[in-house]
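Here is what each chain is made of, one letter per residue.
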Amino acid sequence: MQFYSSIRALNNAYQSGETTPLRYVTGLLERAKQMEKGVFITLLETRALQEATASTARWNAGNPLGLFDGVPTVWKDLFDIEDTVTTGASLAYANVPLKRKDAPAVAFYSAQGG
């Protein structure tokens, strides 16, 4: 799997058809699953694949939302993400209710296609 040195390089790869958001995210998810346990507290595979699929469709139609469309990111477990538990890496919060919505930063990035 090829990694890209910048968001612009990743955008260029999407534009040229070298890769798609879905292919890129699928590769990143496979790599994440192979990493040492504890690197990621929660891996949101379904959401990542849904967002990458939507981004791929926009790129294929020639209508990406902007610079961040299809650019994956990792959110530290301090940001609320809908339908997950925000633990702050503390067992004290392991059994709190699922969050009902994304934190503003997460929602904004997602709305940009990220």
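Up top is the structure.
Model, not experiment: these values are computed from the prediction.

Caption draft 1: Expanded view of the side chain of Thr20. Along the polypeptide, Thr20 turns up in the loop between helix H1 (7-16) and helix H2 (21-34). Residue class for Thr20 comes out buried when judged on its relative accessible area of 15%. Non-local contacts of Thr20, meaning those with residues more than four positions away in its chain, are made with Tyr14 and Thr56.

Caption draft 2: Representation of a nonpolar patch on the surface in the model. A grouping of Ile7, Leu67 and Phe68 is seen on the molecular surface, where their side chains present a nonpolar patch of about 210 Å² in accessible area. One can find Ile7 in helix H1.

Caption draft 3: Representation of the nonpolar core within the structure. The biggest cluster of nonpolar side chains holds eight residues, and these are Tyr4, Leu10, Ala13, Tyr14, Tyr24, Trp59, Val71 and Tyr109. Counting residues per element, this core draws most heavily on H1, at three residues. Apart from the residues within four sequence positions on either side, Trp59 is in contact with Asn11, Tyr14, Gln15, Pro21, Pro64 and Asp69.

Caption draft 4: Summary view of the environment of Leu98. Of note, Leu98 is situated in the loop between helix H3 (45-60) and helix H4 (104-111). With 24 residues separating them in the primary sequence, Leu98 and Val74 have C-alpha atoms 19 Å apart. Not counting the four nearest positions on each side in its chain, Leu98 is found in contact with Asp83, Thr84 and Val85.

Caption draft 5: How the structure looks around the pattern of salt bridges. The final tally for this structure, using the stated rule, is five salt bridges. One salt bridge connects Arg47 with Glu51, and the closest N-O pair in it is separated by 2.9 Å. Note that Arg47 and Glu51 are positioned in helix H3 at a spacing of four residues, about one turn of the helix. Across the pair Arg47 and Asp102 runs a salt bridge whose closest N-O atoms are separated by 2.7 Å. Placement of the pair is Arg47 in helix H3 and Asp102 in the loop between H3 and H4, with a sequence separation of 55 residues. Judged by its relative accessible area of 22%, Arg47 falls in the partly exposed class. Within the structure, one salt-bridge network assembled from shared partners comprises Glu30, Lys33 and Glu45.

How each quantity is defined
- Residues numbered from 1 in each chain as written.
- Predicted model: local features only at pLDDT ≥ 70, side-chain atom pairs only at ≥ 80, totals over all residues.
- Heavy atoms only, no water.
- Helix = DSSP H or I, 4+ residues; strand = E, 2+ residues; numbered from the N terminus.
- Buried < 20%, exposed > 50% of the residue type's maximum accessible area, 1.4 Å probe, protein only.
- Contact = heavy atoms within 4.5 Å.
- Patch = residues over 30% accessible without salt bridge, like charges linked within 9 Å, V, L, I, M, F, W, Y side chains within 5 Å.
- Areas by Shrake-Rupley, 256 points an atom, 1.4 Å probe, with all protein chains shown as cover.
- Salt bridge = Lys/Arg side-chain N within 4 Å of Asp/Glu carboxyl O.
- Core = buried A, V, L, I, M, F, W, Y, C linked by side-chain atoms within 4.5 Å.

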